[in-house]
Amino acid sequence: MLESRFSGTSLFERQSKWESDHLSTVEKDTNGEVLWVWCYPSTTATLRNLLLRKCCLTEENKLHHPFVFGQYRRTWFYITTVEVPDSSVLKKVTHFSIVLTAKDFNPEKYAAFTRILCRMYLKHGSPVKMMESYIAVLTKGICQSEENGSFLSKDFDARKAYLAGSIKDIVSQFGMETVILHTALMLKKRIVVYHPKIEAVQEFTRTLPALVWHRQDWSILHPYVHLDADELEALQMCPGYVAGFVDLEVSNRSDLYDVFVNLADSEITIAPLAKEAMTMGKLHKEIGQLIVQSAEDPEKSDSQVIQDISLKTKEIFTNLAPFSEVSDDGEKRVLNYEALKQRRFPPATENFLYHLAAAEQMLKI
């Protein structure tokens, strides 16, 4: 059963210092009922149902995840869930979740802030103090509290969030097969990742966009997706993505992926319809060897490995440049396919460069 316990507050104008656009609280009471108790400002029924699904309180006898994050239709959600100790003023509540939605990808920033809000809610049992801190961060980018901790929005740079995962860990698990992931990302293919533990899915998927650092595009990331119709419809509207699932049933949904990663079994599978575009050759072997060699160097940090891969990526685009020309309307560069064919690259390299041009919208229409 869902009901509201607190009314909303007047809307404050969001300032550029803070990207959050929604704050809400979900409680699980001693009867096992889950209550959507408060939100600011109001939200749609669709988004509310999605967030209830994500916060894990509605699942019977399931582990409660301390922190999860994901994306739905260009809105990021960040959810911190805590168990209520006996000492708290929340006497009839066993667990609650603090939910923030935002326009930017920065799990560390929103995890830190929601933890502060959780401590406030545990102590006061009402959203008033939370709201004060939320408005302070919304307008000034900072909230200070001796008992609950301080938060400064500018401490959390977006680039830090991009570099928080470990490319070295991915290469350690998949070795040369990492080049399949690199190729799929370069070609803007659909990658689905499965693991029964959401923490493993999120850690792995959030790192993958760094393999194509030149784009710095984390909007392709959907690290926590359920097999629900509205979520899958939103996902399939994206031309290429990295999507994480905890339900093994997704392995049977070949309509959702070009590359399937079973993280639990360390297996990568290319879907039949994607095999032609994903044909591997000498160039891919070179890229794979560079990735493995760089990642296995104990002297190199993850950011240095990313830099090495990025330099190789630039080299690939440099190779493509001589076969491009200004389009008829003069607005962009397009591929001269005849010039590419005349260069007589190995078939797999020519195929890759052609599909890369397609991914970069460089084909003549």
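Residues numbered from 1 in each chain as written. Predicted model: local features only at pLDDT ≥ 70, side-chain atom pairs only at ≥ 80, totals over all residues. Heavy atoms only, no water.

S.K.: I would appreciate a short explanation of the pairing of strand β4 (residues 75-83) in the present structure.
M.R.: Looking along a regular strand, one sees side chains alternate from face to face of the sheet. Within β4, eight of the nine residues are buried, which leaves it mostly tucked inside the rest of the structure. As judged from the six bridges shared by strand β3 (residues 67-72) and β4, these two strands associate in the antiparallel manner. Following the sheet pairing, glycine 70 is matched in β4 by phenylalanine 77. If you look at the hairpin formed by β3 and β4, you'll find two residues sitting between the two strands, and arginine 73 has a positive phi there, around 50 degrees. Pairing of β4 with strand β5 (residues 93-102), which is carried by eight bridges, proceeds in the antiparallel orientation. Its bridge partner lying in β5, threonine 81 is registered against serine 97. (Buried < 20%, exposed > 50% of the residue type's maximum accessible area, 1.4 Å probe, protein only. Helix = DSSP H or I, 4+ residues; strand = E, 2+ residues; numbered from the N terminus. Pairing = 2+ DSSP bridges.)

S.K.: What should I look at first to understand the nonpolar core in this one?
M.R.: Nonpolar side chains tend to gather and get buried jointly when the protein is soluble and globular. One finds Leu208 and Val261 to be the most contacted residues of the largest nonpolar core, which totals 86 residues. It is helix α2 (residues 107-124) that contributes the most residues to this core, nine residues altogether. Looking at this core, you find at least three residues from each of domain 1 (20-158) and domain 2 (162-278). Sequence-distant contacts of leucine 208, that is, excluding residues within four places in its chain, are made with Ile170, Leu181, Leu185, Ile191, Val193 and Val242. Grouped together as the second largest cluster of nonpolar side chains are 19 residues, Val26, Cys39, Leu50 and Val201 included. (Core = buried A, V, L, I, M, F, W, Y, C linked by side-chain atoms within 4.5 Å. Domains from an automatic or database assignment. Contact = heavy atoms within 4.5 Å.)

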